[in-house]
Amino acid sequence: MNWNELDVDVDGVDIHVHRGGVSGAPAIVFAHGFSDDGRCWSRFAELIADRFDVVAVDARNHGRSGRGPADPSILAADLAAVIRELGLSRPILVGHSIGASTVTVLAATFPELVGSVVLEDPPWRPDRSSVDQAR
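The structure displayed is predicted, hence computed values, not measured ones.

Visitor: Tell me what's going on with the layout of surface pockets, and back it up with residues and numbers.
Guide: Of the pockets and cavities examined, the largest pocket occupies roughly 200 Å³. Taken together, 17 residues line the largest pocket, and the ones lying closest to its centre are His-32, Ala-59, Arg-60, Leu-75 and Thr-102. Listing elements by their share of the lining of the largest pocket, those giving two or more residues are helix H2 (72-86) and helix H3 (98-109). Partitioned by chemical class, the residues of the lining of the largest pocket number nine nonpolar, six polar and two charged.

Structure, rendered in structure tokens:
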């Protein structure tokens, strides 16, 4: 798949975006895990590129995105800015690891921007008391 690449300015930090697939098709936005970048989704993106507008984002401090303060709320705001800038209508959001946290915060903070959410291996774990109660 050929990626189109662009940067979205979010409060002075460029967020790098890889985009491919079918323009005008339902959008799917990918958020990667720690120490990765948006291109980690390339193999999967190839499989769905004939049906989706595929957007893979380099989180700030990763890949080709700019550097700056980062916490879950800032990363979620970055992703929201990308969705708005690209004019995506309630995309599917897919997040892996720390990207799952980003997607979760985005969905909780900006529910109007979200169509659905897929979380792969989110970094949180149940506390011990909830595991004991489930037995």
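Visitor: So, a nonpolar patch on the surface: which residues are in play, and what are the values?
Guide: Taken together, the side chains of Val-117, Leu-119 and Trp-124 make up a nonpolar region of the molecular surface, amounting to roughly 250 Å² of accessible area. The residue Leu-119 is located in strand S6 (residues 116-120) in this model.

Visitor: Just give me the short version of the pairing of strand S4 (residues 53-57), but keep the residues and values in it.
Guide: Across the five residues that make up S4, a large majority, five, are buried. Burial of the side chains of S4 extends over both faces: Asp-53, Val-55 and Val-57 are buried on one face and Val-54 and Ala-56 on the other. As judged from the five bridges shared by strand S2 (residues 13-21) and S4, these two strands associate in the antiparallel manner. When the bridges of S4 are listed, Gly-20 appears paired with Val-54. Regarding the hand of the β-α-β motif, the stretch spanning strand S3 (residues 27-31), helix H1 (residues 42-48) and S4 is right-handed.

Visitor: Go over H3 with me, naming the residues and quoting the values.
Guide: What sets the pattern is the α-helix's 3.6 residues per turn: residues three or four places apart point alike. Counted at 1.5 Å a residue, the expected span for H3 with its 12 residues is 16 Å, and the 17 Å between its end C-alpha atoms agrees. All of the buried residues along H3 are Gly-99, Ala-100, Ser-101, Thr-102, Val-103 and Leu-106. Elements that come into contact with the buried residues of H3 comprise S3, H2, strand S5 (92-96) and S6.

Visitor: Tell me what's going on with the pattern of salt bridges, and back it up with residues and numbers.
Guide: Taken as a whole and judged by the stated rule, the model has six salt bridges. Notably, a salt bridge pairs Asp-53 with Arg-19, separated by 2.5 Å at the nearest N-O pair. Of this pair, Asp-53 sits in strand S4 while Arg-19 sits in strand S2; the two residues are 34 residues apart in sequence, bridging distant segments of the chain. By relative accessible area, which is 21% here, Arg-19 ends up partly exposed.

Visitor: Please give an account of the sheet that holds S3 that cites residues and values.
Guide: With respect to topology, six strands assemble into an open sheet ordered S1-S2-S4-S3-S5-S6, the strand pairing being mixed. At either end of the open sheet lies a strand with only one pairing partner, and these are strand S1 (4-10) and S6. Taking each pair of neighbouring strands and ignoring which way they run, the sheet shows an average axis angle of 20°. Examined bridge by bridge, S3 and S4 share five bridges and lie parallel to one another. Along S4, the bridge assignment pairs Phe-30 with Ala-56. Most of the contacts of H2 go to S1, to which it runs at about 120°, and overall it touches S1, S2, S3, S4 and S5.

Procedures and definitions
- Residues numbered from 1 in each chain as written.
- Predicted model: local features only at pLDDT ≥ 70, side-chain atom pairs only at ≥ 80, totals over all residues.
- Heavy atoms only, no water.
- 1 Å grid on protein atoms, 1.4 Å probe; cavity = no way out; pocket = protein on both sides within 12 Å on 5 of 7 lines; lining within 4 Å.
- Points joined across faces, edges and corners; volume = space filled by probe spheres on them.
- Helix = DSSP H or I, 4+ residues; strand = E, 2+ residues; numbered from the N terminus.
- Nonpolar A, V, L, I, M, F, W, Y, C, P; charged D, E, K, R; others polar.
- Patch = residues over 30% accessible without salt bridge, like charges linked within 9 Å, V, L, I, M, F, W, Y side chains within 5 Å.
- Areas by Shrake-Rupley, 256 points an atom, 1.4 Å probe, with all protein chains shown as cover.
- Salt bridge = Lys/Arg side-chain N within 4 Å of Asp/Glu carboxyl O.
- Buried < 20%, exposed > 50% of the residue type's maximum accessible area, 1.4 Å probe, protein only.
- Pairing = 2+ DSSP bridges.
- Right-handed = clockwise from strand over helix to strand, strands pointing away.
- Expected span 1.5 Å × (residues − 1).
- Contact = heavy atoms within 4.5 Å.
- Axes fitted to C-alpha atoms, helices over the stretch in contact; angles between N-to-C directions.

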